[in-house]
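# Descriptive analysis of the structure
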Amino acid sequence: VTLQMKAPYFIAMVRALEAEGRAHNVRTFVADGNGDVAKVNSDIEDLLAKGVDGLIMNISPLEALPGGMAAIKKAGKPLVLVNRKLKGGEYDAWIGVDNFNTAAGVGEVIAKRMDGKGNLLMIRGGPEDNSTGNARRDGVLSKVKDTGIKVTFAPEFGKWTEDGGIRVMEDMLAKHKDINVVFCEGDVMCLGAQKAIADAGRSAQIQIFGFDGQKAAIEQIMKGSNFVATGVNSADEIAKAGFRTMLD
């Protein structure tokens with residue numbers, strides 16, 4: 001297993017994979033590529049040298065990994081991608097969510113809640129070529145583009161962290177007094193944005209929508225806070241399906 005594990009989403013994925021390994025009497029090695037191509041390729045070389053029987057990868061925010069994927073193919077090992085679908089290279093299976101259509105569902109709820117008017121702030125995870133985040137952005141936009149809703153993009157990326165969400169939201173609150181709704185490409189950034197909104201005393205005026213179905217976000221939704229909805233992207237279910245696909 002090789003992942004980038006800073007975000008709660010990736011940590012949950014690792015925990016699920018490790019649990020599946022124990023349940024099936026399979027030894028699991030975990031490497032954190034930290035989103036760095038050289039580190040990921042080195043991790044893959046190390047795992048192949050250990051004689052692993054297969055690899056499960058979620059390489060974020062990288063879009064392609066030609067060297068590493070070629071090394072896995074040369075070694076004749078099965079490769080299952082989870083969550084992140086890489087461009088190019090060969091792999092045996094990909095297990096993940098339809099980011100565009102799931103986000104379109106979130107966009108529908110936003111459009112209804114806003115009654116086709118107001119100001120929607122979009123907080124992106126980054127970087128610019130992140131296909132996962134871009135699909136989520138485009139899914140929401142597909143449902144609000146023909147309405148009277150004004151869309152504002154935060155110029156800075158939230159970098160898929162709670163601290164990033166706080167930082168970006170604080171900046172945008174200072175610059176924009178008319179924000180009605182916030183959509184973040186990941187729940188973890190939304191939870192930070194929610195804190196910044198609360199600190200500014202604007203929780204009653206600004207609703208929050210996210211993506212991933214993070215436990216803390218669902219708890220906020222269930223208790224009726226200003227966190228209204230999220231698109232489900234279960235790290236647990238995807239990891240389990242990826243592991244069982246690998247076994248097959």
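The sections below set out a description of the structure shown in this document.

Cut-offs and rules
- Residues numbered from 1 in each chain as written.
- Predicted model: local features only at pLDDT ≥ 70, side-chain atom pairs only at ≥ 80, totals over all residues.
- Heavy atoms only, no water.
- Helix = DSSP H or I, 4+ residues; strand = E, 2+ residues; numbered from the N terminus.
- Rg over C-alpha atoms; globule rule 2.2 N^0.38 Å.
- Contact = heavy atoms within 4.5 Å.
- Areas by Shrake-Rupley, 256 points an atom, 1.4 Å probe, with all protein chains shown as cover.
- Lys, Arg positive; Asp, Glu negative; His and termini not counted.
- Charge placed at Lys NZ, Arg CZ, Asp CG, Glu CD.
- Buried < 20%, exposed > 50% of the residue type's maximum accessible area, 1.4 Å probe, protein only.
- Right-handed = clockwise from strand over helix to strand, strands pointing away.
- Pairing = 2+ DSSP bridges.
- Phe/Tyr/Trp six-rings, centres within 6.5 Å; stacked < 30°, edge-to-face > 60°.
- Lys NZ or Arg CZ within 6 Å of the ring centre and 35° of its normal.
- Salt bridge = Lys/Arg side-chain N within 4 Å of Asp/Glu carboxyl O.
- Axes fitted to C-alpha atoms, helices over the stretch in contact; angles between N-to-C directions.
- Parallel < 35°, antiparallel > 145°, perpendicular 65-115°, else oblique.
- Left-handed = near helix turned anticlockwise from the far one by under 90°.
- Nonpolar A, V, L, I, M, F, W, Y, C, P; charged D, E, K, R; others polar.
- Polar contact = N/O pair within 3.5 Å; in protein donor to acceptor, adjacent residues only side chain to side chain.
- Expected span 1.5 Å × (residues − 1).
- Arc of directions from axis to C-beta.

This part covers the overall build of the chain. Check the secondary structure of the chain and you find nine helices and ten strands. Here the chain has a C-alpha radius of gyration of 19 Å; the compact-globule value for 248 residues is 18 Å, and the two agree. For the chain, the spread of C-alpha atoms along the three principal axes comes to 55 × 30 × 30 Å. Taking as baseline every contact in the chain between residues at least 6 positions apart, the subset at least 24 positions apart corresponds to 69%. Accessible area for the chain stands at about 11,400 Å²; split by element, carbon and sulfur atoms hold 50% of it. With 31 positive and 32 negative side-chain charges, the chain shows a spacing of 2 Å between the two charge centroids.

Here strand S9 (residues 207-212) lies mainly inside the structure; five of its six residues are buried. Crossover handedness for the path strand S8 (residues 181-184) to helix H7 (residues 187-199) to S9: right-handed. In this structure, S9 lies alongside strand S10 (residues 227-232), joined through five bridges in parallel fashion. By the bridge assignment, Gly210 is partnered in S10 with Thr230.

Turning to the packing of aromatic side chains, a few remarks are in order. All chains considered together, the criterion is met by one aromatic pair. Lying over the aromatic face of Trp94, Lys85 brings its terminal NZ or CZ to 4.2 Å of the ring centre.

Attention now goes to the pattern of salt bridges. Scanning the model with the defined rule gives 15 salt bridges in all. What you see here is one network of salt bridges that share partners, running through Glu63, Arg84 and Lys87.

Pairing is parallel across the open sheet formed by five strands, whose spatial order is S7-S6-S8-S9-S10. Each edge of the sheet is formed by a strand with only one pairing partner; in this case those strands are strand S7 (148-153) and S10. When the angles between neighbouring strand axes are averaged without regard to direction, this sheet yields 20°. Its contacts with the sheet put helix H6 (residues 162-175) on strand S6 (117-123), S7 and S8, and the angle it makes with S6 is roughly 145°.

Right, let's talk about the packing of helix H4 (residues 99-114) against helix H5 (residues 131-144) for a bit. As a packed pair, H4 and H5 sit with axes 7 Å apart at the nearest point and diverge in direction by 40°. Judged by the angle between their axes, H4 and H5 are oblique. When you trace H4 past H5, the crossing you get is right-handed. Counting all contacts with H4, which are made through Asn99, Phe100, Ala103, Ala104, Gly107, Glu108, Ile110 and Ala111, the residues of H5 involved are Thr132, Ala135, Arg136, Asp138, Gly139, Val140, Ser142, Lys143 and Val144. Looking at the contact of H4 with H5, its residues break down into eight nonpolar, five polar and four charged.

Turning our attention to the environment of Asn119. Locating Asn119 in the fold gives a position in strand S6. Asn119 sits in the buried class, given a relative accessible area of 2%. Taking the C-alpha atoms as reference points, Asn119 and Leu65, 54 residues apart in sequence, are found 38 Å from one another. Setting aside anything within four residues of it in sequence, one finds Asn119 in contact with Met114, Lys150, Val151, Thr152, Asp178, Ile179, Asn180 and Val181. Reaching out from Asn119, the side chain makes a polar contact with the side chain of Thr152 at a distance of 3.2 Å.

Let us look at H6. With 14 residues, H6 ought to run about 20 Å at 1.5 Å a step, and its terminal C-alpha atoms sit 20 Å apart, in line with that. For H6, the full list of buried residues reads Gly164, Gly165, Val168, Met169, Met172 and Leu173. The arc that holds every buried residue of H6, seen down its axis, measures 155°, which confines them to one face. With respect to the buried face of H6, the exposed residues turned more than 90 degrees away are Asp163 and Ala174. The elements touched by buried residues of H6 are S6, S7, S8 and H7. The N-cap residue of H6 is Thr161: its side-chain oxygen and the backbone nitrogen of Gly164 are 2.9 Å apart.

On to the packing of H6 against H7. The geometry of H6 relative to H7 is characterised by a closest axis approach of 7 Å and an angle of 45° between their N-to-C directions. When the interaxial angle is binned, H6 and H7 end up oblique. Crossing of H6 against H7: the hand is right-handed. Counted together, Glu162, Gly165, Ile166, Met169, Glu170 and Leu173 of H6 and Val188, Met189, Leu191, Gly192, Ala193, Lys195, Ala196 and Ile197 of H7 form the full contact between these two elements. Of the residues contributing to the contact of H6 with H7, the split by class is nine nonpolar, two polar and three charged.

Spatial relationships are all this shows, so hold off on functional conclusions.
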